[in-house]
Amino acid sequence: MKTAFVLFLSLLFGYAAHAQQYMTREGYVRFYSSTPIEDIEAINNQTTALLKSTGEFAFRVPILGFRFEKALMEEHFNENYMESTTFPNGSFEGRITDWNEGLKDGSWHNVNASGSFTIHGKAQQRDIPAKVRWDGEKWTIESNFLVKPADHDIEIPSMVSKKIAESIEVTVEATLNPR
Amino acid sequence: MKNLLHPVFIFTFAFALMCFGHPSHAQSLLDELGPEELVIRPVSATFKDTKIINVQSNETPGANVLHFVIAHRFGKISDGAYELWGLDNAGMRMALDYGITDRLSVGIARSTFQKTVDASAKFRLLQQNSDNSMPVSVTLYSVTMVNGLKWADPTRENFFTSRMSYTHQAIVAKKWDSKLSLALIPSLTHRNLVESLSDSHDQWTIGAGGRYKLTSRTSVNAEYHYAIAGLPTEHVNSLSIGMDIETGGHVFQLHLTNAQGMFERAFLTETGGRWRDGEIYFGFNLSRVFDL
């Protein structure tokens, strides 16, 4: 009887622990391409991100949601490079490999997110450095990493290659609330 | 109560909770993000340039963008080998369009054909949305053309207004998918001076244009304009077929057309070439944008 009750509690607790999910639909993603000729920046505030208390982490960013300074840049980005009608989202799906309860002490911790990073329909296995902070009720995640268009079959014609960096700097910032 | 605490019951309850209470592991993490974000944006690049071939497309240069176009129409292919199938002769139009806002632009251009200057304004009235809540784009275009040729008869009393003609049009365009865009373009052309008493000052035309993308940077384009009340025998409806090549900043448009003039009154109502007789002009529009 007692055993069964303990089992019941542990299952319930296990269930509850498993169900801890943190989420946002307003994550911030910025990319920045810098060359001597031109700097190109775009910002997206419609990123969905999910973090589980197991360290599993995913985000999805709608490509059409990137805003540029110039209308023509946005047009070229969607039409020529990202082909956003065919490949509407960029995404990451994986886990924070060094996940542990110690991350919850209220200060920033450097972690590593390992998983599948997809843009332009082409997935790459990536280890992406990130910073996380727990403030008692929600998680804040920040990350800065480089993406090479060539790794995702994004062709840049030689005529404009001097204007677009070989590696694009991507910044992700998201505050995830309990779901 | 005793029954409720029976081990079998508790275990069954807990097991049921485990099975149904949390997301299945088979589901991918991305699926758990829920429905995709709905991003509603004006549809971009219905056409690659501000013209389909001769006629305006629904596109305008963006705010603070200066759009410079240099366009040529060579001689008729039917002129034959002596004229290198028309390449020995060329008419030109140079145009400057400036985007005041993302929706409003003004332009000025000079054509060698009839030494005509044209000044225009273009306004995006409606923009198709990515979710098709607005299913079409509608752009209004208005142009005043001034013929700069010497007076045919300088001895009579000539008025400057006689040199002027106007075209007003609405470009109704729809991007059906990433490749196909179509436009319907009703136009009203008014000339202050007509050749004979029987000629009408106003002429309505209805145009159809489209493009089909072959690759992300090239497309085939076509346009046709039909004069609703018919045309004098020396004139025909204009038909043009071409190709767009976009190189980032530049757009090259290469085409074959039976219209020699590149301003609206000329190609909508005064097209002289007949396709079946080889009276076809090879030409190009080359555009370049400058951010000011």
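Please refer to the structure placed before this passage.
Residues numbered from 1 in each chain as written. Chains lettered and ligands numbered in written order. Predicted model: local features only at pLDDT ≥ 70, side-chain atom pairs only at ≥ 80, totals over all residues. Heavy atoms only, no water.

S.K.: I'd love a proper account of the overall build of chain A, names of residues and values included.
M.R.: Helix and strand counts for chain A stand at two helices and nine strands. Shown N-terminal to C-terminal, the secondary structure of chain A runs as helices and strands in the order α-β-β-β-β-α-β-β-β-β-β. By the burial criterion, 47% of the 179 residues in chain A qualify as buried. Taking the contacts inside chain A whose residues are at least 6 apart along the sequence as the reference set, 58% of them involve residues at least 24 apart. Total accessible area on chain A is roughly 8900 Å²; 53% of this is exposed by carbon and sulfur atoms. (Helix = DSSP H or I, 4+ residues; strand = E, 2+ residues; numbered from the N terminus. Buried < 20%, exposed > 50% of the residue type's maximum accessible area, 1.4 Å probe, protein only. Contact = heavy atoms within 4.5 Å. Areas by Shrake-Rupley, 256 points an atom, 1.4 Å probe, with all protein chains shown as cover.)

S.K.: A description of the pairing of strand β8 (residues 139–147) of chain A should follow, citing residues and the corresponding values.
M.R.: Residues and elements named next belong to chain A. Pairing of strand β7 (residues 122–134) with β8, which is carried by five bridges, proceeds in the antiparallel orientation. The residue of β8 that forms the bridge with Lys 131 is Glu 142. Here β7 hands over to β8 after four residues, with Gly 136 in that stretch at a positive phi of 105 degrees. Strand direction decides the pairing type here: β8 and strand β9 (residues 168–178), joined by nine bridges, are antiparallel. If you follow Asn 144 over to β9, its bridge partner there is Thr 171. (Pairing = 2+ DSSP bridges.)

S.K.: For the nonpolar core, give the residues involved together with the corresponding values.
M.R.: Grouped together as the largest cluster of nonpolar side chains are 41 residues, with contacts concentrated most on Phe 31, Leu 51 and Phe 66 of chain A. Per-element tally for this core: the top contributor is β9 of chain A, with five residues. Residues contacting Phe 31 of chain A, with those up to four places away along its chain left out, are Ile 40, Glu 41, Ala 42, Phe 66, Phe 68, Phe 77, Ile 168, Glu 169 and Val 170 of chain A. Membership of the second largest hydrophobic core comes to 15 residues, among which are Val 55, Tyr 141, Met 145 and Ala 183 of chain B. (Core = buried A, V, L, I, M, F, W, Y, C linked by side-chain atoms within 4.5 Å.)

S.K.: Please give an account of helix α2 (residues 71–81) of chain A that cites residues and values.
M.R.: Note that an α-helix has 3.6 residues per turn; residues three or four places apart therefore point the same way. Residues and elements named next belong to chain A. With nine of its 11 residues buried, α2 lies for the most part within the structure. Every buried residue of α2 is listed here: Met 73, Glu 74, Glu 75, His 76, Phe 77, Asn 78, Glu 79, Asn 80 and Tyr 81. Positive backbone phi, approximately 45 degrees, marks Glu 83, located one or two places after α2.

S.K.: Outline the side chain of Ser 181 of chain B, supporting the account with residue identities and numerical values.
M.R.: All names here are of chain B. Structurally, Ser 181 is set in strand β7 (residues 180–191). For Ser 181, the side chain forms a polar contact with the main-chain oxygen of Thr 46, separated by 2.7 Å. When neighbours within four sequence positions are excluded, Ser 181 is seen to be in contact with Thr 46, Phe 47, Lys 174, Lys 175, Trp 176, Gly 209, Gly 210 and Arg 211. (Polar contact = N/O pair within 3.5 Å; in protein donor to acceptor, adjacent residues only side chain to side chain.)

S.K.: Can you break down a nonpolar patch on the surface residue by residue, with the values?
M.R.: On the surface, Leu 84, Trp 85, Leu 87, Tyr 212, Leu 214, Val 220, Met 243, Leu 254, Leu 256 and Phe 282 of chain B cluster together into a nonpolar patch covering about 830 Å² of accessible area. Structurally, Met 243 of chain B is set in strand β10 (residues 239–246). (Patch = residues over 30% accessible without salt bridge, like charges linked within 9 Å, V, L, I, M, F, W, Y side chains within 5 Å. Salt bridge = Lys/Arg side-chain N within 4 Å of Asp/Glu carboxyl O.)

S.K.: Which residues make up the environment of Gly 261 of chain B, and what are the values?
M.R.: All names here are of chain B. Residue placement: Gly 261 occurs in the loop between β11 (250–257) and α2 (264–269). Residue class for Gly 261 comes out buried when judged on its relative accessible area of 3%. Between the C-alpha atom of Gly 261 and that of Ile 70, which follows or precedes it by 191 residues, the distance is 14 Å. The contacts of Gly 261, once residues within four sequence positions are left out, are Asn 54, Phe 113, Ala 266 and Phe 267.

S.K.: Residue-level account of the packing of aromatic side chains, with values.
M.R.: Overall, the coordinates contain 15 aromatic pairs over all chains when judged by the stated rule. Pairing Phe 66 of chain A with Phe 77 of chain A gives two aromatic rings, centres 5.6 Å apart and planes at 75 degrees, and the pair type is edge-to-face. Linking Phe 66 of chain A in the loop between β3 (56–62) and β4 (67–68) with Phe 77 of chain A in helix α2, this pair joins segments that are 11 residues apart in sequence. Grouping residues by exposure puts Phe 66 of chain A and Phe 77 of chain A together as buried. Each residue in the set Tyr 22, Trp 99, Trp 134 and Trp 139 of chain A is aromatic and connected to the rest through ring pairs, giving one cluster. The ring centre of Trp 151 of chain B lies 3.9 Å from the NZ or CZ of Arg 163 of chain B, which sits over that ring. Looking at Lys 174 of chain B, its charged tip hangs above the ring of Trp 176 of chain B, at a distance of 5.1 Å from the centre. (Phe/Tyr/Trp six-rings, centres within 6.5 Å; stacked < 30°, edge-to-face > 60°. Lys NZ or Arg CZ within 6 Å of the ring centre and 35° of its normal.)

S.K.: I'd love a proper account of the pattern of salt bridges, names of residues and values included.
M.R.: A complete count under the given rule lists 16 salt bridges over all chains for this structure. In this structure, Lys 70 of chain A and Glu 38 of chain A form a salt bridge, with 3.9 Å as the shortest nitrogen-oxygen distance. Pair noted here: Lys 70 of chain A is in the loop between β4 and α2 and Glu 38 of chain A is in the loop between β1 (21–34) and β2 (39–52), with a separation of 32 residues, a long-range link. Close ionic contact of Arg 60 of chain A with Glu 37 of chain B constitutes a salt bridge, the shortest N to O distance being 3.1 Å.

S.K.: Could you give an account of the environment of Asp 131 of chain B, with specific residues and numbers?
M.R.: Mapped onto the elements, Asp 131 of chain B comes out in the loop between β4 (116–126) and β5 (137–146). Within the structure, Asp 131 of chain B has its side chain in polar contact with the side chain of Ser 133 of chain B (distance 2.8 Å).

S.K.: I'd like to hear about the side chain of Asn 58 of chain B, residue by residue, with values.
M.R.: Residue and element names in this part refer to chain B. As for its placement among the helices and strands, Asn 58 is situated in the loop between α1 (7–21) and β1 (65–76). A residue is classified by how much of its surface remains accessible, and Asn 58, at 1% relative accessible area, is buried. Setting aside chain neighbours within four positions, we find Asn 58 in contact with Thr 46, Phe 47, Lys 122, Arg 124, Ser 137, Thr 139, Ile 171 and Ala 173.

S.K.: Describe the sheet that holds β5 of chain B, and please don't skip the residues or the numbers.
M.R.: All names here are of chain B. Read around the barrel, 12 strands follow the order β1-β2-β3-β4-β5-β6-β7-β8-β9-β10-β11-β12 and close on themselves; strand pairing throughout is antiparallel. Within the sheet, the average angular offset between the axes of one strand and its neighbour, ignoring direction, is 20 degrees. In this sheet, strand β12 (residues 281–291) lies alongside β11 in antiparallel orientation, the contact comprising eight bridges. Note that in β12 the partner of Thr 257 across the bridge is Tyr 281. (Axes fitted to C-alpha atoms, helices over the stretch in contact; angles between N-to-C directions.)

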